[in-house]
Structures are given as structure tokens and as C-alpha cells.
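# What the coordinates show
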Amino acid sequence: MKRLCLLLILSLLCGCLSAQDFQCQVSINANQVAGGANQQRYNDLQQKIYQFINDRKWCQYNLKTNERIECSLRINLTEVSGDVMKGNMTITLQRPVYKASYKTTLLNFQDKNIQFTYAEGDPLEYDDNANLSQFTALIAYYLNLFLAVEFDSFSMNGGAPYYSKCQSIVNFNANAKEKGWSVADNGQSNRYWIIENLTNSTYSRLHDFYYQYHRLGLDVMSETPDAGRAVILESLRLLQQVNAQKSGLAMVKIIISSKSDEIVNIFKEGMPSEKTQVINIMKQIDPTNSSKYESINTTSSK
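Residues numbered from 1 in each chain as written. Predicted model: local features only at pLDDT ≥ 70, side-chain atom pairs only at ≥ 80, totals over all residues. Heavy atoms only, no water.

### A closer look at the overall build of the protein
Convention followed: Secondary structure elements are defined from DSSP: runs of H or I of at least 4 residues count as helices, runs of E of at least 2 residues count as strands, and each element is numbered from the N terminus. For this measure, only C-alpha atoms enter the radius of gyration; the expected value for a globule follows 2.2 Å times N^0.38, where N is the number of residues. Only protein chains enter the calculation, and the probe is 1.4 Å; a residue is then buried if its accessible area is under 20% of its type maximum, exposed if over 50%, and partly exposed in between. Accessible areas in this description were obtained via Shrake-Rupley with a 1.4 Å probe; residue shielding takes into account the shown protein chains only. Charge counting treats Lys and Arg as positive and Asp and Glu as negative, with His and both chain ends excluded. A single reference atom marks each charge: NZ on Lys, CZ on Arg, CG on Asp, CD on Glu.
Each helix and strand counted, the protein has 10 helices and four strands in total. Listing each helix as α and each strand as β along the protein from the N terminus yields α-β-α-β-β-β-α-α-α-α-α-α-α-α. Scaling as 2.2 N^0.38, a compact globule of 302 residues should have a C-alpha radius of gyration of about 19 Å, and the protein matches this with 20 Å. In terms of overall dimensions, the protein has C-alpha extents of about 60 × 45 × 40 Å along its principal axes. Evaluated residue by residue, the protein yields a buried proportion of 49% over its 302 residues. If you sum the accessible surface of the protein, you get close to 13500 Å²; carbon and sulfur atoms cover 48% of it. Across the protein, 30 positive and 29 negative side-chain charges occur, with their mean positions spaced 4 Å apart.

Take a look at the structure:
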């Protein structure tokens, strides 16, 4: 219960900032790079990114080893020209569920258009208050997003300071030649729009959703599954309300892609009335996957 109830309070009381914050897996795949890949070059870069993330202090709280945030960045390079690298990156964030061996996925999506410049041997440097490198800014953006969403799932609006950091990184890179930072890039699914959704007070129910679904819903299901499931149903209504305000929001799409399978599995155990309500809500939010939600009515294979 300490992680769930006292993490933020105890951390704020602690002035020590020596511990690291992330347990992050990093991989770089260059198999699609034309002309063959210098794998050692990418192995070295992979190790540098790993150290940059895992050996550095990123948040104001003193997280213990078993509280480090579990995530992964999987970079798939498709084009390399000199020091300029292009491709995509799959972003995944998980956290444990209270009194369960199960880990729930908070984020799982792909940034489809990453581009950065990296010369072999260059140090990876980052400063919250300066734009030293678009490459390290890209990584720092997602690490701060991880912190924000993780803390939102434990405490109401707990991630607010880290959403602000993400916004600052976007502002620093607003005029960058690399895509993904601008209002005009890639419709409404890039880094700009993700943080716009999460800092726009119009969509504040997104933060309520993360807290209710995880802390008040999943985390109580080991002891009172019916009560937890009822709260999760109410959290889906919040998501439905955000979707009604504006359909096609980047963060609603990300939440659905990250949580849809879990939602189906949770409500296979629900009461018939709950199943009907969840199916209707999810079909409205995610109509292209209606058949998936119909499977809630099948018997769970417990």
C-alpha cells in the first residue's frame, strides 16, 4: 500500500535526489536502413541512450528501486544519411497493480515520424531550460510524459509538473526542421497535439480518467473486484465525455489503443448490465473496433 498511498507524500518529504527514476528498456533496430547498417554504431548509440535515461535524475521525488518507472523506447530506423537518422519509435509505459502480479499498460503507441541528428561520439546532453539538442529533447519529452501519466495514475493531477515540462520542450522545438513538434505536422497525432490535449483544461477529464481507472479502479480489484469494476465503468464515461467534446483526439486514441484489450478482459467478468453499458460506450468511442467489444459478452476463460 506504501507505493499507492504514500509515494508522493513520502517523496516530497525527502530531499535526497540521488536515486534514479527509470527502469527503461531501449532498443534500436536498423534492419531497414538501405545499404546495410553499421550495427556497432547503433549498439553504441543504444547504450548511450540507456545510460542517459537510467543513470540520470529526472523527477523531484526520491523513488526507491522497486518504485522506478517501467517503460521502453523501441527505435526503428528506416533512413540514415550521414548523421541524420529517421524512423519511428514505439513508446510503452507500464505500472504494477496493487496486490497483483499483473502490470497494466498506461501508454503504448508509436511516434511515426522521428528524426534526429547524432554524430558518433557526441555526448547526450540535456537541460530543462535550454534547447541543447533536438535528439535529447525528443527523449526527454517522452520521459516527462511517462512521469506525468504515471503520477496521474496514483494521485489526482499528480503529473501536472511534468506535463508542463513536456509543453516547454514542445515550445523550444516549435520551429525545428524535424517533424512532430508543430501544430501543422501529422494531423492531430504528434507530440504537439498529445501535450495540447493533456494541458488543455477543456479535456481535464483525461486526468480524472487516469486516476479513477487505475488508483480507484484497478488497484482495488484484488480485494473488491465488483467495486473496482464499477469505478472503471465510471472512468470510461469520463473518456466518453471527452470524446463527445471533440472526436479523434490524439490522447483518446492513445488511451484506447493502450487499454482496449484490458477493458474487454475486465468486463468479461462483469454483470450483464455493466457489459451492455461498456460495449455501448466503447463502440461510441472506438467504432472501428466494435466487434472487439462485442466479445465482452463471451464467457471468460478463467
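Structure shown, so let's carry the discussion forward.
### Focus: the sheet that holds strand β3 (residues 84–96)
Keep this limit in mind: Whether two strands pair depends on DSSP finding at least two bridges between them. Axis definition: a line fitted to C-alpha atoms, over the contacting stretch in the case of helices. Angles run 0 to 180 degrees between N-to-C directions. Note on contacts: a residue pair qualifies if any of its non-hydrogen atoms lie within 4.5 Å across the two residues.
Ordered by their spatial adjacency, four strands build an open sheet running β1-β2-β3-β4, and the pairing between neighbours is mixed. Each edge of the open sheet is held by one strand with a lone partner, namely β1 (22–29) and β4 (103–117). Sheet twist, expressed as the average angle between the axes of neighbouring strands with direction ignored, equals 15°. Relative to strand β2 (residues 69–81), β1 runs parallel, the two sharing eight bridges. Residue C24 lies in a different strand from β2, and its bridge partner there is C71. Across the sheet, helix α3 (residues 134–152) is in contact with β1, β2, β3 and β4; its angle to β4 comes to roughly 165°. Contacts from helix α6 (residues 205–217) reach β3 and β4 within the one sheet, and its direction differs from that of β4 by about 135°.

### Details of the nonpolar core
Rules: Here, the term nonpolar core denotes a set of buried Ala, Val, Leu, Ile, Met, Phe, Trp, Tyr and Cys residues that are joined through side-chain atoms within 4.5 Å.
F22, I49, I53, L107 and L145 are the most contacted members of the largest nonpolar core, which has 87 residues in total. If one sorts the elements of this core by residue count, α3 sits on top with 14 residues.

### Describing the environment of S72
Put simply, the rule reads: We call two N or O atoms a polar contact when they sit within 3.5 Å, provided that within protein one can donate a hydrogen and the other can accept it, with sequence-adjacent residues counted only if both atoms are side-chain atoms.
Examined against the element boundaries, S72 turns out to sit in strand β2. Accessibility expressed as a relative area gives 10% for S72, which makes it buried. Each C-alpha atom, one on S72 and one on E223, is 30 Å from the other, the two residues being 151 residues apart in sequence. Here S72 is in contact with C24, Q25, T90, I91, T92 and F146, once residues within four sequence places are set aside. One polar contact links S72 to R74, side chain to side chain, over a distance of 3.3 Å.

### Examining the packing of helix α7 (residues 225–245) against helix α9 (residues 272–285)
Basically, it comes down to this: The labels follow the angle: roughly parallel below 35 degrees, roughly antiparallel above 145, roughly perpendicular from 65 to 115, and oblique for the rest. By convention the crossing between two helices is left-handed if the near helix lies anticlockwise of the far one by an angle smaller than a right angle, and right-handed if it lies clockwise.
It is the contact of α7 with α9, at a shortest axis distance of 10 Å, that shows an interaxial angle of 25°. One way to sum up the angle between α7 and α9 is to call them roughly parallel. For the crossing formed where α7 meets α9, the hand is left-handed. Along the contact surface, α7 presents R229, A230, L233, L236, R237, L239, Q240 and N243, while α9 presents E274, Q277, V278, I281, M282, Q284 and I285.

### Remarks on the environment of V264
Along the chain, the position of V264 falls in helix α8 (residues 250–267). V264 sits in the buried class, given a relative accessible area of 5%. Considering only alpha carbons, one finds V264 and K253, 11 residues apart in sequence, at a separation of 16 Å. Not counting residues up to four positions away in its chain, the partners in contact with V264 are K292, Y293, S295 and I296.

### Considering α8
Rules: Expected span, for any helix, means 1.5 Å times one less than how many residues it has. Throughout, bend refers to the angle between the axes fitted to the seven residues that end at a position and the seven residues that start at it.
Spanning 18 residues, α8 covers 25 Å between terminal C-alpha atoms, matching the ideal 26 Å at 1.5 Å per step. Approximately 55° is the largest bend angle found in α8, and it occurs at K259.

### Points about the packing of aromatic side chains
Filter applied, for reference: A pair of Phe, Tyr and Trp rings is counted when the ring centres sit within 6.5 Å of each other, with Trp represented by its six-membered ring. The angle between the planes then sorts it: under 30 degrees is stacked, over 60 is edge-to-face, the rest tilted. Charges are assigned to positions over rings by a cutoff of 6 Å between ring centre and Lys NZ or Arg CZ, combined with an angular limit of 35 degrees from the ring normal.
For the coordinates displayed, the defined rule picks out 13 aromatic pairs. Seen in terms of ring centroids, F116 and F135 are 4.1 Å apart; in terms of plane orientation they differ by 10°. Their pairing is stacked. With F116 in strand β4 and F135 in helix α3, the pair connects residues that are 19 residues apart, well separated along the chain. For F135, a relative accessible area of 3% corresponds to the buried category. Aromatic side chains Y141 and Y142 sit 5.0 Å apart centroid to centroid with 90° between the ring planes, which places their arrangement in the edge-to-face category. Residue classification places Y142 among the buried positions, given a relative accessible area of 1%. These aromatic residues form a ring-pair network of at least three members: F109, Y141, Y142 and W181. Directly above the ring of W58 sits R56, whose terminal nitrogen or CZ lies 4.9 Å from the centroid. In this structure, R191 packs its charged tip against the face of W181, placed 4.6 Å from the ring centre.

### Here's the deal with the pairing of β2
Relative to β3, β2 is paired through 11 bridges, and the arrangement is antiparallel. Looking across to β3, one finds that S81 is bridged to V84. Taking the residues between adjacent antiparallel strands as the criterion, β2 and β3 are bridged by two residues, where G82 takes a positive phi near 65°.

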